[in-house]
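Here are the chains, one letter per residue:
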Amino acid sequence: MAKICVPVCVRHSDEMRDAIAAAVRVADIVELRADCLVDPSLIVTMRSPEQGGRAEIDYEARRRFWSSLKNLPADLLIDLEFDLVNEYSTRESSGDMPVDWGRVICSHHDFTRVPDDLEKIFERMAATAAGIIKIAVQADDATDCLPIFKLLERAKVEGREMIAIAMGDAGVMTRILGPSRGSFLTYGSLEEERGTAPGQLATRDLREVFRIDHIDLDTRVFGIMGQPVRHSLSPRIHNAAYAASGINAVYIPFAVQDALQFIRRMAHPKTRELDWKLDGLSV
């Protein structure tokens, strides 16, 4: 049978979802025309299964895909996994790289834990020419977010752009507070149940419930600690009250396994390892 390719050529990125959905209904292949965009604020990513990819795509297939891309929009960002960044930066044929290194996000994901050698991973990634470093790790307790915040602080001191995220319910605070602490961006889903990574919040909730655009280093932090806590209505109630009262504060769900460790390492003013204005907790 003949295969029909339907090009998706829209001028604005917010039109792309509906255009793709319409094309998929009739096409065998869909072509995304990034060159048609007049406001391209996009990141192109092709994940391996080990790094959270949805399909069985091997290393060679990923390498061919990136090498084939030509004439991409000037402000398009390319998310390359650390192994590919290493190859492109060391091979003599690095001219195959379709964009300049300043637009490359060098990414590393660990869906099982917070690696013991997280600082070493950061140093190896920072030694590449990639303009942005991205590290995402699995958090099982709220205290697992501490290494993520420390990486953001280190990247700021060293003048490196960085995206640092703790995945899972225990990592939600990094998605809410990350941008105010120097993260290049945070990720939100169109709808909460359609997130592409564990613990990802809906974009509408990030903006309307947690008011992420108003959070800064002076924002007072409150929250509910327990396990589980994502079902709690407290963040919606308290954050709505802060907004109505004009209070610079945010109320966050903290998924905590070990309450004593959380109090010692993150809450108590004399022993906490994070410089933040944590002012109160529901338990």
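Conventions and cut-offs
- Residues numbered from 1 in each chain as written.
- Predicted model: local features only at pLDDT ≥ 70, side-chain atom pairs only at ≥ 80, totals over all residues.
- Heavy atoms only, no water.
- Helix = DSSP H or I, 4+ residues; strand = E, 2+ residues; numbered from the N terminus.
- Buried < 20%, exposed > 50% of the residue type's maximum accessible area, 1.4 Å probe, protein only.
- Contact = heavy atoms within 4.5 Å.
- Areas by Shrake-Rupley, 256 points an atom, 1.4 Å probe, with all protein chains shown as cover.
- Pairing = 2+ DSSP bridges.
- pLDDT = per-residue confidence, 0-100.
- Phe/Tyr/Trp six-rings, centres within 6.5 Å; stacked < 30°, edge-to-face > 60°.
- Axes fitted to C-alpha atoms, helices over the stretch in contact; angles between N-to-C directions.
- Salt bridge = Lys/Arg side-chain N within 4 Å of Asp/Glu carboxyl O.
- Core = buried A, V, L, I, M, F, W, Y, C linked by side-chain atoms within 4.5 Å.
- Arc of directions from axis to C-beta.
- Right-handed = clockwise from strand over helix to strand, strands pointing away.
- Left-handed = near helix turned anticlockwise from the far one by under 90°.
- Nonpolar A, V, L, I, M, F, W, Y, C, P; charged D, E, K, R; others polar.

Any chance you could break down the overall build of the protein for me, citing the residues and the numbers?
A tally of regular secondary structure across the protein gives nine helices and twelve strands. Within the protein, the fraction of its 283 residues that count as buried is 45%. Contacts in the protein between residues far apart in sequence, at least 24 positions, make up 68% of those at least 6 positions apart. Just so you have it, the protein exposes about 14,700 Å², and 51% of that area is on carbon and sulfur atoms.

If you had to explain the pairing of strand E4 (residues 77-81) to someone new, which residues and values would you point to?
E4 sits mainly inside the fold: five of its five residues count as buried. Neither face of E4 is open: one carries Leu77, Asp79 and Glu81, the other Ile78 and Leu80, and all of them are buried. When E4 meets strand E5 (residues 104-110), the two strands line up parallel, connected through four bridges. Across the sheet, residue Leu80 finds its bridge partner in E5, namely Cys106.

If you had to explain the confidence of the model for the protein to someone new, which residues and values would you point to?
Of the residues in the protein, 81% reach a pLDDT of 70 or more, and the chain-wide mean stands at 85. When mean pLDDT is taken per element in the protein, helix H8 (residues 234-245) scores highest with 98 and helix H2 (residues 59-68) scores lowest with 68.

Give me the packing of aromatic side chains: which residues, what numbers.
Across all of its chains, the model carries three aromatic pairs by this definition. Centroid distance Phe222 to Tyr242: 5.9 Å. Interplanar angle 40 degrees. Geometry classified as tilted. Here Phe222 is found in strand E10 (residues 220-226), whereas its partner Tyr242 is found in helix H8, with 20 residues between them in sequence. For the pair Phe222 and Tyr242, a shared accessibility class is recorded, and that class is buried.

Explain the sheet that holds strand E6 (residues 132-138) residue by residue, including any values.
Here five strands make up an open sheet; going across it, the order is E3-E4-E5-E6-E7 and the pairing parallel. What marks the edges here is a single partner per strand, and that holds for strand E3 (43-45) and strand E7 (161-167). Neighbour-to-neighbour, the strand axes of this sheet turn through a mean angle of 25 degrees, independent of strand direction. In terms of strand pairing, E5 meets E6 through six bridges, oriented parallel. In the strand pairing of E6, His109 is matched with Ala136. This element, helix H4 (residues 118-126), spans E5, E6 and E7 of the sheet and lies at about 155 degrees to E6. The sheet contacts of helix H5 (residues 146-158) involve E6 and E7, and relative to E7 the element is tilted by about 180 degrees.

Lay out the pattern of salt bridges with the relevant residues and their values.
Evaluated as defined, the whole model comprises ten salt bridges. Across the pair Glu119 and Arg154 runs a salt bridge whose closest N-O atoms are separated by 2.4 Å. Of the two residues, Glu119 is situated in helix H4 and Arg154 in helix H5; the sequence distance between them amounts to 35 residues. By relative accessible area, which is 35% here, Glu119 ends up partly exposed. Overall, the relative accessible area of 23% leaves Arg154 in the partly exposed class. A salt bridge links Arg154 to Glu158; its shortest N-O distance comes to 2.7 Å. Here Glu158 and Arg154 lie together in helix H5, a separation of four residues that amounts to about one turn. With a relative accessible area of 41%, Glu158 lands in the partly exposed category.

Report on the nonpolar core, specifying residues and quantitative values.
Ranked by internal contacts, the top residues of the largest apolar core, which has 61 residues, are Ile135, Met162, Met173, Ile176, Phe254 and Trp276. Listed in part, the eight residues of the second largest apolar core include Leu77, Ile163, Met167 and Leu185.

Tell me about H4, residues and numbers included.
Residues of H4 that are buried: Leu118, Ile121, Phe122, Met125 and Ala126. Buried positions in H4, seen along its axis, are confined to an arc of 130 degrees and lie on one side of it.

Help me get a handle on the pairing of strand E11 (residues 249-255), residues and values and all.
The buried fraction of E11 amounts to seven of the seven residues, a majority that puts the element mostly inside the structure. Judged by which residues are buried, E11 turns out to be covered on both faces: Ala249, Tyr251, Pro253 and Ala255 on one side and Val250, Ile252 and Phe254 on the other are all buried. Chirality of the crossover, the property in question, places the unit of E10, H8 and E11 among those that are right-handed.

Can you break down the packing of H4 against H5 residue by residue, with the values?
The N-to-C vectors of H4 and H5 enclose an angle of 35 degrees; their axes lie 11 Å apart at closest approach. Crossing geometry of H4 relative to H5 is assigned as right-handed. The segment H4 lies against H5, with Leu118, Glu119, Phe122 and Glu123 engaging Pro147, Leu151, Arg154, Ala155 and Glu158. Of the residues in the contact of H4 with H5, the class split is five nonpolar, no polar and four charged.

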